[in-house]
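Coordinates in review
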Amino acid sequence: MTDNPFKKCINPSCNLVYDIDNTTHTCKCGSFLDVVYPSSPSRELTEIFSIRRNPKGNIFNESGVWRFRELINFAGIDTEDFQQCSKVLVSMDGSEGRQSKPYKMSKVSEYANMDPECMFLQPEGYNPSGSFKDNGMTTAVTHAKMLKIYRLICASTGNTSASAAMYAANENMECEVFVPKGEIAPGKLGQAFQFGAQVVQIDGDFDDALSHSLKVANESGGYTVNSINPFRIEGQKTIIYRALEYLDWHPPDWIVYPGGALGNTSSCGKALMELVNWGWIKKVPRLLVINAIGANTFYELTNGLYDGRKLEWNDGKPDIELIRDYYYERDRKGIKAKTKATAIQIGKPANIVKALRAIEFTKGMVIEVSDEEMSDGMAVVGLNGFDCEMASGAVPAGIRKLRKEGVIRRDDIVIGILTGKQKDPNLSISYHMDSGNKFANPPMTK
Ligand SMILES: *Cc1c(COP(=O)(O)O)cnc(C)c1O
Ligand SMILES: [Zn+2]
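Cut-offs used in this document
Residues numbered from 1 in each chain as written. Chains lettered and ligands numbered in written order. Predicted model: local features only at pLDDT ≥ 70, side-chain atom pairs only at ≥ 80, totals over all residues. Heavy atoms only, no water. Axes fitted to C-alpha atoms, helices over the stretch in contact; angles between N-to-C directions. Helix = DSSP H or I, 4+ residues; strand = E, 2+ residues; numbered from the N terminus. Parallel < 35°, antiparallel > 145°, perpendicular 65-115°, else oblique. Left-handed = near helix turned anticlockwise from the far one by under 90°. Contact = heavy atoms within 4.5 Å. Nonpolar A, V, L, I, M, F, W, Y, C, P; charged D, E, K, R; others polar. Pairing = 2+ DSSP bridges. Donors = N, O, S within 2.8 Å, 3.2 Å for Na, K, Ca; no water. Tetrahedral: all angles 85-135°; square planar, octahedral: opposite > 155°, others 65-115°. Buried < 20%, exposed > 50% of the residue type's maximum accessible area, 1.4 Å probe, protein only. Domains from an automatic or database assignment. Buried area = accessible area lost by both parts, 1.4 Å probe. Salt bridge = Lys/Arg side-chain N within 4 Å of Asp/Glu carboxyl O. Polar contact = N/O pair within 3.5 Å; in protein donor to acceptor, adjacent residues only side chain to side chain.

**Looking at the packing of helix H9 (residues 230-246) against helix H10 (residues 263-277)**
- Contact pair H9 / H10: the axes reach a minimum separation of 8 Å and the direction vectors enclose 65°. For the element pair H9 / H10, the angle class is roughly perpendicular. With respect to the hand of their crossing, H9 and H10 are arranged in right-handed fashion. Between H9 and H10, the contacting residues are Ile233, Glu234, Gln236, Lys237, Ile239, Ile240, Tyr241 and Leu244 on the first element and Gly263, Asn264, Ser266, Ser267, Cys268, Lys270, Ala271, Leu272, Glu274 and Leu275 on the second.
- In terms of residue class, the contact of H9 with H10 is built from nine nonpolar, five polar and four charged.

Written out as structure tokens, the structure reads:
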């Protein structure tokens, strides 16, 4: 085996490997692929990452993604050579991941009944396109550029298309986005238009939009930037690096995400597995994934709520039949995912198998919360002066729920990821207009 990165099937009983320089996302066996680096980076790099926080005019130091470039060096470049970085790496002038780090938010910890010194939220909405998606888009678009493919394609509940369209515009690429008609926040749709993408509205849900976009990418040779693309996952690992760096690389007890297509869940799992393998960390934080009640496939399957069978990683041999039966039954009954948190309104989470691996590795948990709980979560984040959308509100809501159940302790160290900024102001306005809501602050009329 050479020293070059490669792609490898995640199914341990298959283990087929593939070169980096193609758009294959799935293995011949039907499973997904990881990007794999043959050598273990030295822990002394943490010093360099820290020094780079004074960027000295280098946008790849300024970027909260590329600052960690040795840990995601699928391009195999000399990471100290600025000229080479500029030629290969795609960046919005260093702005992706630059402002996101954990913050203490006293009102949110009070709401969740957590020790205010122990709970942190990391606002990934403070990325150039307003969501965590930029972390993975900057790496995926870098890979597209390496392959000399200048046409990006994705399906999206809104933020993937906003991010893809932004990078495409900045890199002078074409971009085609497939969105479920009427089911995406106006601010996100507006961004896709604004950044010059071709919007294709699908009369169906996100799952329909995804199969459509994959077909078009396949037929037309476009580059898919959905999270089934393993290079998206590589960039999103840096969300974890920034959180850990803030804690001096002492792992927290919990890391909490909302669950949609489960790309974030997968990237968190991969980041932690690698850090353990490299000997950088010993303790593994528990991953907590929060579904919306109206889009709770992962919750139902992992908790055995469909027909008693529990979906587990099972050494890389999860019960695929169970997933198939579940989807078949949903389609037969015409059940569609339904939640006002449209970013996680997904019935068939594409990364479900990688996410199972992450849950297994971290002894994680999957729970569900209601639209009302997510709205409260979103509102209380606002009261700390931070902005997030309803799907991100699932994070404080979920932490609160597990505090009530006594699973999370008051002095556990918890890092919650606020995935995106509010792009549907009408949700905030209608929340505060209704004095029945927990944190409502209705207007006065004079
Ligand atoms: C995409 C998105 C999610 C879902 O993330 P997955 O990685 O698909 O699970 C959650 N919140 C926001 C704001 C998003 O844009
Ligand atoms: Zn395989």
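**Comments concerning the sheet that holds strand S7 (residues 174-180)**
- Strand order in the open sheet formed by four strands is S8-S7-S6-S9, and the pairing between neighbours is parallel. Each having just a single partner strand, strand S8 (198-202) and strand S9 (223-224) make up the two edges of the open sheet.
- Note that S7 and S8 share five bridges and pair parallel. Residue pairing across strands places Phe178 opposite Val200, the latter belonging to S8.

**Here we look at the coordination of the zinc ion (ligand 2)**
- The coordination sphere of the zinc ion (ligand 2), as far as protein atoms go, consists of Cys9 (SG), Cys14 (SG), Cys27 (SG) and Cys29 (SG), spread over 2.3 Å.
- Coordination at the zinc ion (ligand 2) is tetrahedral: its four donor atoms span angles of 104 to 115° at the metal.
- In terms of primary sequence, the donors binding the zinc ion (ligand 2) are separated according to C-x4-C-x12-C-x1-C.
- Accessibility expressed as a relative area gives 5% for Cys27, which makes it buried.
- Overall, Cys29 belongs to the partly exposed group, its relative accessible area being 41%.

**A word on the domain arrangement of the protein**
- Structurally, the protein comprises domain 1 (1-37) and domain 2 (106-128 + 230-433).
- When each unit is reduced to the centre of its C-alpha atoms, the spacing between domain 1 and domain 2 is 26 Å.
- On the side of domain 2, 15 residues touch domain 1, which itself brings twelve residues to the contact.
- Together domain 1 and domain 2 conceal approximately 1100 Å² of surface at their shared face, both sides included; 63% is due to carbon and sulfur atoms.
- Looking at the side of domain 1 facing domain 2, the largest losses of area belong to Ile10, Phe32 and Val35, adding up to 42% of the total buried there.
- Put simply, domain 1 and domain 2 have two salt bridges between them.
- Here Asp34 ties to Arg357 by a salt bridge, and the two come within 2.7 Å at their closest N and O atoms.
- The interface formed by domain 1 and domain 2 contains four residue pairs in polar contact (both at pLDDT 80 or more).
- With three residues, the single largest contributor to the side of domain 1 that touches domain 2 is strand S3 (residues 33-36).
- Looking at the side of domain 1 that touches domain 2 residue by residue, the classes come out as seven nonpolar, three polar and two charged.

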